[in-house]
Amino acid sequence: MLRFLTAGESHGRALVVIVEGLPAGLRVTAEDIQRGLARRRLGFGRGPRMRFEQDEITLLGGIRHGRTLGSPVAIEIANTEWPKWVQEMSPEPGLPSTVLTQPRPGHADLSGMLKYGFDDARDVLERASARETAARVAAGTLAKLLLGEIGVDVLSHVVQLGPERAASDAVPSVAELAEADTSEVRCTDAAASARMVAAIRAAAKAGDSLGGVAEVVAHGVPVGLGSYVHWDRRLDGLLAQSLMSIQAIKAVEIGDGAELSARRGSVAHDSIRAAVPDDRDGAGDGELGVLGGGYVRDTHRAGGVEGGISTGAPIVVRASMKPLATLNRPTLGTVDVVTKESTVSFKERTDVTAVPAMGVVAETMVALVLASEALRKFGGDSVEEFRRNRLGYLASLGVATSAAGSHAPA
Ligand code: EPS
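I will try to describe carefully the structure that is included in this document. This one's a predicted model, so the numbers in the text were calculated from it and none came from an experiment.

Turning next to the layout of surface pockets. Looking at the largest pocket, its volume works out to about 990 Å³. Forming the walls of the largest pocket are 38 residues, and the residues nearest its centre are His 107, Ala 128, Ser 129, Ala 130 and Leu 324. Elements represented by at least two residues in the lining of the largest pocket include exactly helix H2 (49-52), helix H5 (122-128), strand E10 (249-254) and helix H11 (355-378). When residues of the lining of the largest pocket are assigned to their parent elements, the largest contribution, three residues, is made by H11. Of the residues in the lining of the largest pocket, the class split is 18 nonpolar, ten polar and ten charged. Taken as a whole, the second largest pocket encloses approximately 760 Å³ of empty space. Of all the elements in the fold, those that place two or more residues in the lining of the second largest pocket are strand E7 (153-161), strand E9 (212-219) and strand E15 (315-321). Tallying contributions element by element places E7 first for the lining of the second largest pocket, with four residues. Each residue belonging to the lining of the second largest pocket can be placed in one class, and the counts come to eleven nonpolar, seven polar and ten charged.

Right, dumping it as structure tokens:
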């Protein structure tokens, strides 16, 4: 329903993204996209490039006078570092000044060189690099704006960095999640934040890297996105694929995830009850009851998805990132593909950890999936039509939609 395609190399002239399937009339400004991109540069432990890379954007098509036209939206993100790489990354026929022949373990380098017949690991790493996620975030910003029109908020926080974990109990609210960006590591638990920063400092000192886990929470998703009728329409399957596609992600969990496998069935699921409509004092299940079609669950083990369909409860997904394979002090063994001699991999400038930024990218991927599924469910060539169709659907479930009224058409 919503498709996007990115192009561009990490140290090339620019990244480009085309987003197709957005309805007309969505309010978008270059500043909205800049703000999204700036959030991706957050986080203690990033390398020096994040301090000087500015993500200069140009809206190339699909937007006129601050609104989408319903045509494909094209965005260019210039690499402000390009002047330093003109020679090395030139599209003109020629030769590079250095050839990288010692593939880094854990990267696409070696498999990519063998697959595509390259002698230079740079031919692989430039596109395999997580720089590409800047283009995803630009696309995801549009998805988030569209979801905002129907009251869906997609946010993230870091719940683990290296061995340090944040305390976790209830599903964080939108307001709590919005606080994450004020932490250096995008973690809402201040004590854990401090321990995470210390772990990053220690790893940096050792020239090593750290992985971790970011949790994405989507509030405001109504019951009925995704389907059980076919494997590639299951919402949990779509979320897992989209998160697993982020560079360095090795595991994805939905709700209580892997932990559920060790529990008995009686304590692994969420009991259902009828929602209590809001009374005059605002007591009751409120919007959650509306989103659930008149039903709610008081526990949250399923993470808001049952049978491949959203339940109306907040969607909770986690992405686990492995420690970055590029090390500031290379110690992992590899071979030189020319001499076949054992050596350690070449040194590239790198981050100690990118987990805080990965959380922003994970939000982006979740938003793109949810926007696409919302468009499949509600359709509409204009944002107005999309919003109206969603309200009509909620009304058809037989619940009073006044609690969802803040998102009603003006
Ligand atoms: C990356 C290595 C670093 C990161 C880069 C991803 O780049 P460089 O080698 O130029 O310092 O800064 O991330 C970004 C540029 C970005 O925008 O996120 C890698 O090897 O994947």
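To continue, consider unusual backbone geometry. Here the phi dihedral of Asp 55 falls at roughly 50°; this positive angle occurs in a residue that is not glycine. Tracing the chain through its elements places Asp 55 in the loop between H2 and strand E3 (56-61). Backbone geometry places Arg 186, a non-glycine residue, at a positive phi of 60°. Considering the arrangement of structural elements, one finds Arg 186 in the loop between helix H7 (174-178) and helix H8 (190-205). With relative accessibility at 0%, the residue Arg 186 sits in the buried group.

Across the sheet, which stays open at both edges, the five strands sit in the order E8-E7-E9-E15-E10 with antiparallel pairing between neighbours. The open sheet has two edge strands, strand E8 (164-165) and E10, and neither has a second partner. Both E7 and E9 contribute to a ladder of eight bridges, which runs antiparallel. By the bridge assignment for E9, His 157 is matched with Glu 215.

Turning our eyes to something else, we now look at the nonpolar core. In terms of nonpolar packing, the biggest core is built from 78 residues, with Ile 75, Ile 77, Val 154, Ile 315, Met 358 and Leu 370 touching the most fellow members. Per element, the largest residue contribution to this core is 14 residues, and it comes from H11. Filtering out sequence-adjacent residues up to four positions away, Met 358 remains in contact with Gly 212, Ala 214, Ile 246, Ile 249, Ala 319 and Met 321. Judged by nonpolar contacts, the second largest core, of five residues, contains Leu 100, Ala 121, Val 124 and Leu 125.

This part is about empty space enclosed by the protein. Counted by the stated rule, this structure contains two cavities of 30 Å³ or more. Here the largest cavity defines a volume of roughly 60 Å³. For the lining of the largest cavity, the element with the highest residue contribution is strand E12 (residues 295-297), accounting for three residues. By volume, the second largest cavity is sized at about 30 Å³. Looking at the second largest cavity, the residues that line it are Asp 270, Arg 297, Thr 299, His 300, Ala 302, Gly 303, Gly 304, Thr 311 and Ala 313. Looking at the lining of the second largest cavity residue by residue, the class counts come to two nonpolar, five polar and two charged.

Along helix H9 (residues 235-244), the positions that sit buried rather than exposed are Leu 235, Leu 239, Ser 242 and Leu 243. Down the axis of H9, the sector holding all buried residues measures 95°, keeping them to one side. Buried positions along H9 lie against helix H6 (133-148), E10, strand E13 (305-306), strand E14 (309-310), E15 and H11.

Attention now moves to the side chain of Glu 363. Topologically, Glu 363 is positioned in helix H11. Classification of Glu 363 by relative accessible area gives buried; the value is 0%. Side-chain polar atoms of Glu 363 contact the side chain of Lys 144, separated by 2.3 Å. Excluding its chain neighbours within four sequence positions, the residues that come into contact with Glu 363 are Arg 39, Lys 144, Val 154, Leu 155, Ser 156, Arg 186 and Val 216.

Let us look at the packing of helix H1 (residues 30-40) against H6. Between H1 and H6, the shortest axis-to-axis distance is 9 Å and the interhelical angle comes to 130°. With respect to H6, the axis of H1 lies oblique. Considering only the axes of H1 and H6, their crossing is right-handed. Packed against H1, whose contacting residues are Asp 32, Ile 33, Gly 36, Leu 37, Arg 39 and Arg 40, the element H6 presents Thr 133, Ala 134, Val 137, Ala 138, Thr 141, Leu 142, Lys 144 and Leu 145 at the interface. Of the residues in the contact of H1 with H6, the class split is seven nonpolar, three polar and four charged.

Across all of its chains, the model carries 27 salt bridges by this definition. As a salt-bridge pair, Glu 53 and Arg 49 come within 2.9 Å of each other at their nearest N and O atoms. One exposure class covers both Glu 53 and Arg 49, and it is buried. Two residues, Asp 256 and Arg 263, come together in a salt bridge whose shortest N-O distance is 3.0 Å.

Turning next to the packing of aromatic side chains. Centre-to-centre distance and the angle between the planes together describe a pair of aromatic rings. Enumeration over the complete set of coordinates arrives at three aromatic pairs. Here Tyr 116 and Phe 118 contribute two aromatic rings whose centre-to-centre distance is 5.9 Å and whose plane-to-plane angle is 20°, an arrangement assigned as stacked. Using a relative accessible area of 57% as the deciding quantity, one classes Tyr 116 as exposed. Looking at Phe 118, the relative accessible area reads 30%, which means it is partly exposed. On the numbers, 5.6 Å between centres and 50° between planes, the contact of Phe 378 with Tyr 393 is tilted. One end of the pair, Phe 378, is in helix H11; the other, Tyr 393, is in helix H12 (residues 383-396), with 15 residues separating them in the sequence. Within the aromatic cluster, the residues linked to one another by ring pairs are Phe 378, Phe 386 and Tyr 393. Against the face of Tyr 116 rests Lys 115, its NZ or CZ located 5.3 Å from the ring centre.

Cut-off values and rules
Residues numbered from 1 in each chain as written. Predicted model: local features only at pLDDT ≥ 70, side-chain atom pairs only at ≥ 80, totals over all residues. Heavy atoms only, no water. 1 Å grid on protein atoms, 1.4 Å probe; cavity = no way out; pocket = protein on both sides within 12 Å on 5 of 7 lines; lining within 4 Å. Points joined across faces, edges and corners; volume = space filled by probe spheres on them. Helix = DSSP H or I, 4+ residues; strand = E, 2+ residues; numbered from the N terminus. Nonpolar A, V, L, I, M, F, W, Y, C, P; charged D, E, K, R; others polar. Buried < 20%, exposed > 50% of the residue type's maximum accessible area, 1.4 Å probe, protein only. Pairing = 2+ DSSP bridges. Core = buried A, V, L, I, M, F, W, Y, C linked by side-chain atoms within 4.5 Å. Contact = heavy atoms within 4.5 Å. Arc of directions from axis to C-beta. Polar contact = N/O pair within 3.5 Å; in protein donor to acceptor, adjacent residues only side chain to side chain. Axes fitted to C-alpha atoms, helices over the stretch in contact; angles between N-to-C directions. Parallel < 35°, antiparallel > 145°, perpendicular 65-115°, else oblique. Left-handed = near helix turned anticlockwise from the far one by under 90°. Salt bridge = Lys/Arg side-chain N within 4 Å of Asp/Glu carboxyl O. Phe/Tyr/Trp six-rings, centres within 6.5 Å; stacked < 30°, edge-to-face > 60°. Lys NZ or Arg CZ within 6 Å of the ring centre and 35° of its normal.

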